[in-house]
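# Structural overview for review
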Amino acid sequence: MPNSQIHNMTLVELKKALNEKNLSSREITETLLSRINDFDDSVNSFITMTSDQAIKEAMEADKKIANGDQTNLTGLPFAHKDLFCTKGTLTTCGSKMLHNFIPPYDATVVKKLKNAGVIMLGKTNMDEFAMGSSNETSYYGSVGNPWDLKLSPGGSSGGSAAAVAARLVPAATGTDTGGSIRQPAALTGITGIKPTYGRVSRYGMIAFASSLDQGGVFARSCEDAALILGEMAGLDELDSTSSAEKVPNYLESINHPIKDLKIGLVKQHFEEGLDEENKKNLLSAIDTLKSQGAEVIEIDLPNIGLSVPTYYVVASAECSSNLSRYDGVRFGHRTENYENLEEFYSKTRGEGFGAEVKRRIMTGTYVLSAGYYDAYYLKAQKVRQLISQDFKNAFEKVDVIAGPTTPSPAFELGAKMDDPIEMYLNDIFTIGANLGGFPAISVPCGFVNDLPVGLQLVGKHFGEESLFQCGHQFQQLTDWHKQTPEQFK
Ligand code: GLN
């Protein structure tokens with residue numbers, strides 16, 4: 001098999017080539033590392049490379065395969081969002097605050113994937129502490145969208161999405177608090193799934209908003225995402241919110257026909273905020289699903305319009321509490337010049353955090369303070385319940401809710417940085433799933449102005465199998481997910 005094709009192969013294809021001994025893990029690893037070396041100066045999708053370790057592990061993987069000792073993912077290349085703690089490897093969370101943080105332990109997701117056999121090539125760029133929709137809040141610089149490097153790949157997991165879209169790595173982890181897997185997946189033309197809250201352990205995932213954060217995966221097909229999620233998911237005694245629900249074999253059930261599936265189309269999605277062209281793509285994607293026998297039903301999510309303000313109260317409140325641990329005493333950035341303890345804290349935090357993180361901490365502290373708590377935080381929690389209940393009511397009638405992932409395709413770097421509200425509105429279609437803890441996937445469904453857009457499918461709690469089945473059927477009938485940005489073919 002020619003090495004010139006390695007970057008275009010999916011995980012499923014690479015796995016087959018490894019097991020049939022047509023390729024070695026070392027060849028795959030070295031080919032992709034050299035591709036990253038050639039291309040990543042312009043994309044900036046990686047913060048840290050772990051090249052030497054990767055080659056060493058690839059050679060060990062080759063030995064295992066030769067001896068027939070391989071596990072499910074032995075020798076397959078992978079990358080982690082720089083929010084997952086990796087033992088002995090710098091983990092910055094995109095922040096100056098953690099520019100020197102080398103965790104003494106692996107996140108559960110990292111550990112599980114390592115045990116399954118993946119080779120980590122490096123850690124990917126991201127918005128600072130996962131706060132952002134464009135990857136521009138990263139201390140390590142913005143990331144270019146492989147479809148046009150002047151555009152944003154979305155965020156907060158922009159580095160993982162761009163690396164997969166530019167064929168630098170076939171799959172990578174992401175995290176999604178309000179859309180940070182699905183929005184960048186849509187804007188870079190790849191597949192991204194945020195599982196049910198609790199499906200994947202959050203242990204060792206640096207916290208932003210704990211009741212919303214969930215780890216997931218980016219890949220170039222539903223099959224690849226299913227393969228990875230199966231290994232990431234499951235109960236973890238180190239995360240009390242992880243679920244004991246059995247993890248199905250997502251790959252085994254992915255070919256299940258969708259003829260009995262009921263798909264909901266949200267009335268409110270068509271009322272505002274959606275580009276005309278984007279709408280056309282969405283409706284044609286729905287027709288494709290209908291052609292497989294799926295029944296389409298209109299549903300009503302009456303409170304969905306409140307999801308963005310609700311999210312920004314809840315997420316900011318939780319982040320102000322989670323980020324109070326960065327005080328310069330135990331780890332991370334520490335100021336050099338201070339006269340007293342108060343100055344030590346304020347200078348450390350003032351220097352370590354960027355503008356967006358400070359804005360969220362201030363908003364969060366405000367909505368939690370005495371006198372404002374009832375008016376903002378408590379009210380937001382009540383509205384969150386209403387939104388969640390709307391979804392549950394809809395799921396009495398349908399199995400999956402389909403809609404757009406984003407209002408429009410990728411935007412220019414810098415275009416929204418001066419207008420936080422405009423930036424926040426990027427997540428208008430994704431946030432609902434986080435507020436209710438529902439799983440959701442984005443799959444490429446067409447192009448607007450030569451830029452990819454995504455179809456979002458939201459499922460019932462622990463309904464990831466239906467999402468994969470639906471997405472996979474769609475990918476059997478279309479080739480949007482196979483489109484490659486010209487520069488990265
Ligand atoms: N863009 C949203 C925010 O800025 C969501 C981020 C995320 O999902 N991590 O908060």
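As shown above, the structure is provided for reference.
No experiment lies behind these values; they were computed from the predicted model shown.

### A few points about the overall build of the chain
- When helices and strands are tallied, the chain shows 15 helices and 11 strands.
- Taken over C-alpha atoms, the radius of gyration comes to 21 Å for the chain, in line with the 23 Å a tight globule of 489 residues would show.
- C-alpha extents for the chain along the principal axes are approximately 65 × 55 × 45 Å.
- Looking at the chain as a whole, 60% of its 489 residues are labelled buried.
- In the chain, the proportion of contacts linking residues at least 24 apart, taken out of those at least 6 apart, comes to 76%.
- A total of about 18,700 Å² of accessible surface is found on the chain, and carbon and sulfur atoms cover 49% of it.
- Once the 46 positive and 60 negative side-chain charges of the chain are each reduced to a mean point, those two points are 4 Å apart.

### A look at the environment of Lys489
- Structurally, Lys489 can be placed in the segment after helix H15 (464-477).
- When the C-alpha positions of Lys489 and Gln5 are compared, they lie 9.5 Å apart, and in sequence the two are 484 residues distant.
- Filtering out sequence-adjacent residues up to four positions away, Lys489 remains in contact with His7, Asn8, Arg35 and Thr484.
- A polar contact of 3.0 Å, which involves the side chain of Lys489, links it to the side chain of Glu486.

### Description of the site of the ligand
- Close contacts around the ligand come from 15 residues, with Gly178, Ser180, Tyr311, Arg360 and Asp427 the closest.
- Between the ligand and the protein, one listed contact pairs an oxygen atom with a backbone N or O atom of Gly132 at 2.9 Å.
- Between Ser180 and the ligand, the recorded distance is 2.7 Å, taken from a side-chain N or O atom to an oxygen atom.
- Taken by itself the ligand offers 290 Å² of open surface, and the protein chains cover 100% of this.
- Of the residues that constitute the shell around the ligand, the class distribution is five nonpolar, seven polar and three charged.

### Remarks on the packing of helix H9 (residues 307-322) against helix H11 (residues 355-368)
- Their axes nearest at 7 Å, the elements H9 and H11 cross at an angle of 100°. Compared by their axis directions, H9 and H11 come out roughly perpendicular. From H9, Tyr312, Val313, Ser316, Ala317, Cys319 and Ser320 reach across to H11, where they touch Arg360, Ile361, Thr363, Gly364, Thr365, Val367 and Leu368.

### Structural notes on the pairing of strand S9 (residues 400-404)
- Of all five residues making up S9, five are buried, and the element is well covered by its neighbours.
- Pairing of strand S7 (residues 262-266) with S9 involves three bridges; the strand directions are parallel. Within the sheet, the bridge partner assigned to Gly264 lies in S9 and is Ile401.
- Pairing of S9 with strand S11 (residues 451-459), which is carried by five bridges, proceeds in the antiparallel orientation. For Gly403, the partnering residue across the bridge sits in S11 and is Gln456.

### Overview of the environment of Asp52
- Looking at the secondary structure, you find Asp52 in helix H3 (residues 51-67).
- Of the residues examined, Asp52 reaches a relative accessible area of 66% and is grouped as exposed.
- Each C-alpha atom, one on Asp52 and one on Gly293, is 50 Å from the other, the two residues being 241 residues apart in sequence.

### Considering the nonpolar core
- Membership of the largest hydrophobic core comes to 139 residues, with the highest contact counts inside it found for Phe129, Ile228, Phe391, Ile401, Leu455, Leu457 and Phe468.
- With eight residues, the single largest contributor to this core is H9.
- In this structure Phe129 touches Cys93, Ser95, Met97, Leu98, Ile206, Phe208, Leu323, Tyr326, Phe353 and Val357, once residues within four positions along its chain are discounted.

### A short note on the side chain of Arg220
- If you trace the backbone, Arg220 turns up in the loop between strand S6 (214-219) and helix H7 (222-232).
- Comment: no salt bridge for buried Arg220; closest opposite-charge side chain is Asp224, at 6.2 Å.
- Here His7 takes part through its backbone oxygen, which lies 3.1 Å from a polar atom of the side chain of Arg220.
- Aside from chain neighbours lying at most four places away, what touches Arg220 is His7, Asn8, Met9, Thr10, Val164, Arg167, Val169, Pro170, Ile190, Thr191 and His481.

Analysis parameters
Residues take numbers from 1 onward in each chain, read along the sequence in its written order. Local features in this predicted model are restricted to residues of pLDDT 70 or higher, and side-chain atom pairs are both shown and tallied only at a pLDDT of 80 or more, whereas totals for entire chains, interfaces and linings draw on every residue. Computation of side-chain values covers all heavy atoms of the structure but excludes hydrogens and water. Strands are runs of DSSP state E lasting at least 2 residues, helices are runs of H or I lasting at least 4, and numbering of each runs from the N terminus. Radius of gyration: over C-alpha atoms. The globule rule applied is 2.2 Å multiplied by the number of residues raised to the 0.38 power. Here the term buried applies to any residue with accessible area under 20% of the maximum for its type, exposed to any over 50%, and partly exposed to those in between, with areas from a 1.4 Å probe on protein chains only. Residue contacts follow a heavy-atom distance rule, with two residues in contact if any of their heavy atoms lie within 4.5 Å. Each accessible area is a Shrake-Rupley result for a 1.4 Å probe, and residues are judged covered by the shown protein chains and nothing else. Positive residues here are Lys and Arg, negative ones are Asp and Glu, while His and the chain termini are left out of the count. Taken as the charge location is NZ of Lys, CZ of Arg, CG of Asp or CD of Glu. The term polar contact refers here to a pair of N or O atoms within 3.5 Å; inside protein, the definition further demands a hydrogen-donor-capable atom paired with an acceptor-capable atom, and it admits residues adjacent in sequence only when both atoms are side-chain atoms. Throughout, near means a residue has at least one heavy atom within 4 Å of the molecule or strand. Three classes are used: nonpolar for Ala, Val, Leu, Ile, Met, Phe, Trp, Tyr, Cys and Pro, charged for Asp, Glu, Lys and Arg, and polar for all others, with Gly counted as polar. A fitted line through C-alpha atoms represents every axis, and for helices the fit uses only the stretch in contact; the resulting angles, taken between N-to-C directions, go from 0 to 180 degrees. Any angle that is under 35 degrees is reported as roughly parallel, and any over 145 degrees as roughly antiparallel; angles of 65 to 115 degrees are reported as roughly perpendicular and all others as oblique. Should DSSP find at least two bridges between two strands, the strands are taken to pair. To define a nonpolar core, start from buried Ala, Val, Leu, Ile, Met, Phe, Trp, Tyr and Cys residues and group those joined through side-chain atoms within 4.5 Å. We define a salt bridge as a contact between a side-chain nitrogen of Lys or Arg and a carboxyl oxygen of Asp or Glu at a distance within 4 Å.

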